[in-house]
Each structure stands twice: as structure tokens, then as C-alpha cells.
Amino acid sequence: MTEQSLAPDVLAERLAKIPRLIDVDAHVVEPANLWSTRLPTRLREVGPRIEYAPAGEVKLVDGRYVETPGTEGPDVAWWHYEDTRTQIKKYIAAAGVPADEVTNEGITYDDMRPGCWIPSERLADMDVNGVEAQMCFPNYVRFCGQIFLWGKDKDLSLASVRAYNDWMVEEWCGDSGGRLIPLCLVPLWDVDLAVAEVRRNAARGVRAVAFSELPAYLGLPSLHSGYWDPFFAACQETGTVLAMHIGSGTKTPQTSPDAPGAVGATIIFGNSVASMTDFLFSGVLHRFPRLKLLYAEAQIGWIPYLLERIDDVWETHRGWANGQLNCPEKPSTYYYRQITSCFFKDSVGVELLDKVGLDNVTFETDYPHQDGTWPRSREEAALQYGHLDQPSINKIARGNAIRLLGLTLPEA
């Protein structure tokens, strides 16, 4: 549905019903001095830092992108950490850029909206977009901090995770009056360190932590191994939501090496399907009944069939598939009790809302990524669910997010 498909008076009527949004999935472009000012002095020369060099070549090697600076042309901003180089690309800082001008070319900070990385400017862009509060996933460090998992010097990795979290709490969110909601990282390579970091941040009011939707894709223990149970227990005890962004398993679905990027961009939600199935059959949600999961940018239209299928497998294939081994109740029971997903472009999911679960969905903007709806996110909300009754609209636009994250904001 587009704005042109609705009469102006109908659109205006719908828009009037959309309250200020609570955005549970936006992104921050990390400022150039984040680690160079917060790491111990002895680590600053090897920690993440910005250097300028011409744009370079990008290759997909074993499921990971490897980038090399060029030798000609204007300089762009490159993150330099140990032996890796990553240029800041236009499509991750695309707010306000027409779609046909968005590329994967390297850029500088001067080429992007200041709201991508300056807190006060972000608040101003939120005001333009009708967003009251917003939670931001990282960009450069990947959606759950995989960059530090791959680091060779784990002392440096740990210091870098803690520096990011200190910056997130103290600087990015610090002077926002609660409008910027902190989302922290954990050291993925050590469950005990992850537990300690959850507790350290929860003690200062953080209520969400980024985690991988498919840790086994990162070479980490699976959800079925029991390895992560101390981490899940700490999240449950502290009321910390496990926030998993689409693509946080790093390895994204591909049909063939020569398929265009549009194929992967379309089917990436397959990772969320796999992740939710993994969680529902793993027994994690049975063992930790107060643990809350958030799937970010996964959309919601696929969920009803997954729940139908997973419940059927649980029952029909109980003799051999071990679906009931760690999951004594129907898997959908745990979903409706403990899982929330967010969407921003899914009118199909709204049509299936009774099966997705009105209490299991939140809204997002994806600012400043190319997919993002800034500065017309409330208009998108009006198009997709502005026809619903006011209590349902309020839940999707803000109430469910407020309840999930324990925010002290009115639900309407």
C-alpha cells in the first residue's frame, strides 16, 4: 500500500491516530573518536580507529566481506582494527538520500546526516519523524559485536566492548532525557565475561543486550548445548531483553554466488525463521520462563506459518525428532509468552495480526539505513496499521515496546 492508494482525507484520519513512536530498531554510526578516547592509552594505536584512504575493493570470502583500501580517488573513512579495514558505506548512512543515489561506496562523516552519529542531531531527526524514544543497534562492530569476537587480542576485544558500552550509556544516551535507549554488547567468546557485562550494565539501568540470532553460525556453542544458560539466567534475573538483529549470525542466506544482491536482501528473514525455531525447540524458554527475546528488523508475516508448522512437528514427529525432549509444551506457547518481533514494512503481517499476536509486535524505523522510513515513519505506520482500533494502534506504536523494555513512558 502506498500513500497514493489512500484518499487524502482517509490518510489524514489514520495519521491522527498514530501516537509518537517508540522505535526499537534504529542504528548508530559510531563516531570516529569512540575508542580512541575511551580505550586505555596503550591500546589506542591498535584499537578501532578511523583512517582516511581511497575507496577500495570489497570481496565476499567464506561468508565474510573483506575490504582493501584503494590507491586512487578521494579519501573515505575507514575503520582500522588489528588487521582488518572496513569503509563506512553510503547505504548504512542513507537517511535523506534518494534511493537511486544510495550505493555501497565509501563515504566520510561529512557525507552523512549529523543525526547518524551526533546524539543531539539524532534527537532532532527523531522529532521530525514523530519518534519519542529509540533504541540503536551498532553498525561498524556488526549487529552483536562480532568484530570483537574475531579479534586476535582478547584483552583488546574486552576493553573495546566495555568502551563501547560506556560510550553507549554515558554519551550516546546520557543527555537524551531517556529518549535514547541503551543497547549494550557482551564479549561473545566467553560466557562468564558475558554474564559479568550484563550485570555491570543492568546495574546502571540498561535493559537490552545485543546477541546473535544464530551463535553457531559464528562458530560459537549452539543454543542446544546449554553453554549459554548462565548468560540467559543473568538476562532473566536482571530483566535484560535479548535483542537479536537480522543478520547478526553474519552468514546470510544466498542462493548462488552469481545471484544479485536483491536475492539475499529479500530472503534474509530466513535467518530469523531458523533462529526462532532453534530457540523454541532448545528448551531455553522453558528453563527461563521470564527471559524475553526481541527480533529486530525481521518483520512478522512469516510467523503464523512457522508457529503452525513448529507445533505440528512437535506433535506429529514426536517419535523421532526429539521436539518434545526439551520443550514439554507446544512451542507456540513459549512464543506468545516470551518473544517480540518488530516490523516497519509488513502489511501482510498486520493482516495476520491475530495469529502473530497483538502483544508480540513492535514498530521500528531502521534509521539511517537505506531500508529506513525516515522522515515518514508515522505515515508508514498509518498506512500499515492506522485502520485498527486505537488501543491496538497504541500497543504496536509504543505500548508493547514500553512494556518490553520497562520504560517509564505513557503507553498512549
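Nothing here was measured: the structure is a model prediction, and the numbers come from that model.

A. Spotlight on the nonpolar core. Counting residues in hydrophobic clusters, the biggest one holds 126 residues, and the most contacted among them are W35, I88, F231, F232 and Y385. Ranked by the residues each element gives to this core, the list is headed by helix α5 (residues 154-172), at 10 residues. Those residues in contact with W35, other than ones at most four positions away along the chain, are E30, R44, P48, W79, Y140, V141, F148, S160, A163 and Y164.

B. Here's a closer look at the pairing of strand β6 (residues 84-87). As judged from the 4 bridges shared by strand β5 (residues 75-81) and β6, these two strands associate in the antiparallel manner. Bridging across to β6, Y81 finds its partner in T84. Joining the antiparallel neighbours β5 and β6 is a turn of 2 residues, in which E82 adopts a positive phi near 50°.

C. A look at the pattern of salt bridges. If you walk through the whole model with that rule in mind, you get 21 salt bridges. Here R398 and E132 are joined by a salt bridge, their closest N and O atoms 2.7 Å apart. Of this pair, R398 sits in helix α16 (residues 390-405) while E132 sits in strand β7 (residues 131-137), placing them 266 residues apart in sequence. E132 carries the same exposure label as R398, and that label is buried. It is possible to trace a salt-bridge network through shared partners that takes in R38, R162, D166, E170, E171, E197, R200 and R204.

D. Region of the structure containing helix α11 (residues 303-316). With 14 residues, α11 should reach 20 Å at 1.5 Å per residue; the first-to-last C-alpha distance of 20 Å fits that figure. All of the buried residues in α11 are I303, P304, L306, L307, I310, D311, V313 and W314.

E. Structural context of empty space enclosed by the protein. As enumerated under the stated definition, the model contains 2 cavities of 30 Å³ or more in all. Lining the largest cavity are C184, L185, V186, E197, V198, N201, A202, V206, A208, V209 and T240. Those elements giving two or more residues to the lining of the largest cavity turn out to be α6 (191-202) and β9 (208-210). Top contributing element to the lining of the largest cavity by residue count: α6, with 4 residues. Its residues placed into classes, the lining of the largest cavity shows 8 nonpolar, 2 polar and 1 charged. What the second largest cavity holds in volume is close to 40 Å³.

F. Representation of unusual backbone geometry in the model. Between Y367 and P368 the backbone carries a cis peptide bond, its omega angle lying at 0°. The linkage connecting W374 with the following residue, P375, adopts the cis geometry, with an omega of 0°. Relative to the assigned elements, P375 resides in the loop between β13 (361-363) and α15 (377-385). Phi is positive for Q299, which is not a glycine, with a value near 65°. Position of Q299 among the secondary structure elements: in the loop between β11 (293-296) and α11.

G. Examining the layout of surface pockets more closely. In this structure, the second largest pocket spans a volume of roughly 260 Å³. In terms of lining residues, the second largest pocket is bounded by 17 residues, among which G178, I181, G406, L407 and T408 are the most central. For the lining of the second largest pocket, the secondary structure elements donating two or more residues are β7 and β8 (180-181).

Rules of the game
- Residues numbered from 1 in each chain as written.
- Predicted model: local features only at pLDDT ≥ 70, side-chain atom pairs only at ≥ 80, totals over all residues.
- Heavy atoms only, no water.
- Core = buried A, V, L, I, M, F, W, Y, C linked by side-chain atoms within 4.5 Å.
- Buried < 20%, exposed > 50% of the residue type's maximum accessible area, 1.4 Å probe, protein only.
- Helix = DSSP H or I, 4+ residues; strand = E, 2+ residues; numbered from the N terminus.
- Contact = heavy atoms within 4.5 Å.
- Pairing = 2+ DSSP bridges.
- Salt bridge = Lys/Arg side-chain N within 4 Å of Asp/Glu carboxyl O.
- Expected span 1.5 Å × (residues − 1).
- 1 Å grid on protein atoms, 1.4 Å probe; cavity = no way out; pocket = protein on both sides within 12 Å on 5 of 7 lines; lining within 4 Å.
- Points joined across faces, edges and corners; volume = space filled by probe spheres on them.
- Nonpolar A, V, L, I, M, F, W, Y, C, P; charged D, E, K, R; others polar.

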